[in-house]
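# Summary of the model geometry
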Amino acid sequence: MTHAMTAENLFKDLKQMPTTERQKFFLILSTNAFRGEDMSHEQLFGHLKGDNFTAQEAAEYLEVSMSTFRRFVSRNKLNPSSTVGRNQMFAVADLKAFKKALRIAND
């Protein structure tokens, strides 16, 4: 008897995956899984809309170094949505808007 993977189970597994492995997974996914398909950001990442990212995950999402990310935070260009212990959490919606603003500023 085989066990079918559900989207919910896959998502739970991805959240538990180490960051470096998650990066590898999304690289494989982006280079192989959607060849020839024109998928929007919303189609790929819409399920994360209400989530929060750690500072490390947020820096990876923005494709900047941790020092650059920390500089954004210290200059109040980005604000954490919450704090869990000593860890600042950043809302995905805020990061998406900031990433879009960065892209516009760099054009």
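## Quick look at the overall build of the chain
Across its full length, the chain holds 6 helices and 3 strands. Reading the chain from its N terminus to its C terminus gives the helix and strand order α-α-α-β-α-α-β-β-α. The burial tally for the chain puts 21% of its 107 residues in the buried class. For the chain, restricting intrachain contacts to residue pairs at least 6 apart in sequence, the fraction spanning at least 24 positions comes to 51%. For the chain, the accessible area works out to roughly 8000 Å², and carbon and sulfur atoms hold 54% of it.

## A word on the packing of aromatic side chains
The full count for this structure, using the stated rule, is 4 aromatic pairs. A ring pair is formed by F53 and Y61, whose centres lie 5.9 Å apart and whose planes are at 70 degrees; its orientation type is edge-to-face. Across the pair, exposure class does not vary: F53 and Y61 are buried alike. Their ring planes at 80 degrees and their centres at 4.9 Å tell us that F69 and F90 sit as a pair that is edge-to-face. Here the residue F69 occupies a position in helix 5 (residues 66–74), and F90 occupies one in strand 3 (residues 87–91), the gap between them amounting to 21 residues.

## Re the sheet that holds strand 1 (residues 52–54)
Pairing within the open sheet is antiparallel, and its 3 strands lie in the order 1-3-2. On the outer flanks of this sheet lie strand 1 and strand 2 (82–84), each paired with one strand and no other. Averaged over all pairs of adjacent strands, the angle between their axes in this sheet comes to 40 degrees, without regard to strand direction. Relative to strand 3, strand 1 runs antiparallel, the two sharing 3 bridges. The residue of strand 3 that forms the bridge with N52 is A91. Packed on one face of the sheet, helix 4 (residues 55–62) meets strand 1 and strand 3 and runs near 100 degrees to strand 1. Sitting on the sheet, helix 6 (residues 92–106) touches strand 1 and strand 3, and the angle it makes with strand 3 is about 65 degrees.

## A word on the pattern of salt bridges
A side chain of one charge can pair with a side chain of the opposite charge when the charged atoms of the two come close. Inspection of every chain in the model, using the stated rule, returns 3 salt bridges. We note a salt bridge from K24 to E21, for which the minimum N-O separation is 3.0 Å. A residue pair is termed a helical-turn pair when its members lie 3 or 4 positions apart in one helix, as K24 and E21 do in helix 2 (residues 19–33) at 3 residues. Owing to a relative accessible area of 48%, K24 belongs among the partly exposed residues under this scheme. One salt bridge connects R22 with E57, and the closest N-O pair in it is separated by 2.6 Å. Taken together, the positions of R22 in helix 2 and E57 in helix 4 put the pair 35 residues apart, joining distant regions of the chain. In this pair, the class of R22 matches that of E57, namely buried.

## Side note on the pairing of strand 3
Looking at chain direction, strand 2 and strand 3 are connected through 3 bridges and run antiparallel. Following the sheet pairing, T83 is matched in strand 3 by Q88. Hairpin remark: strand 2 followed by strand 3, antiparallel, with 2 residues in the connecting loop; positive phi at G85, about 65 degrees.

Procedures and definitions
Residues numbered from 1 in each chain as written. Predicted model: local features only at pLDDT ≥ 70, side-chain atom pairs only at ≥ 80, totals over all residues. Heavy atoms only, no water. Helix = DSSP H or I, 4+ residues; strand = E, 2+ residues; numbered from the N terminus. Buried < 20%, exposed > 50% of the residue type's maximum accessible area, 1.4 Å probe, protein only. Contact = heavy atoms within 4.5 Å. Areas by Shrake-Rupley, 256 points an atom, 1.4 Å probe, with all protein chains shown as cover. Phe/Tyr/Trp six-rings, centres within 6.5 Å; stacked < 30°, edge-to-face > 60°. Pairing = 2+ DSSP bridges. Axes fitted to C-alpha atoms, helices over the stretch in contact; angles between N-to-C directions. Salt bridge = Lys/Arg side-chain N within 4 Å of Asp/Glu carboxyl O.

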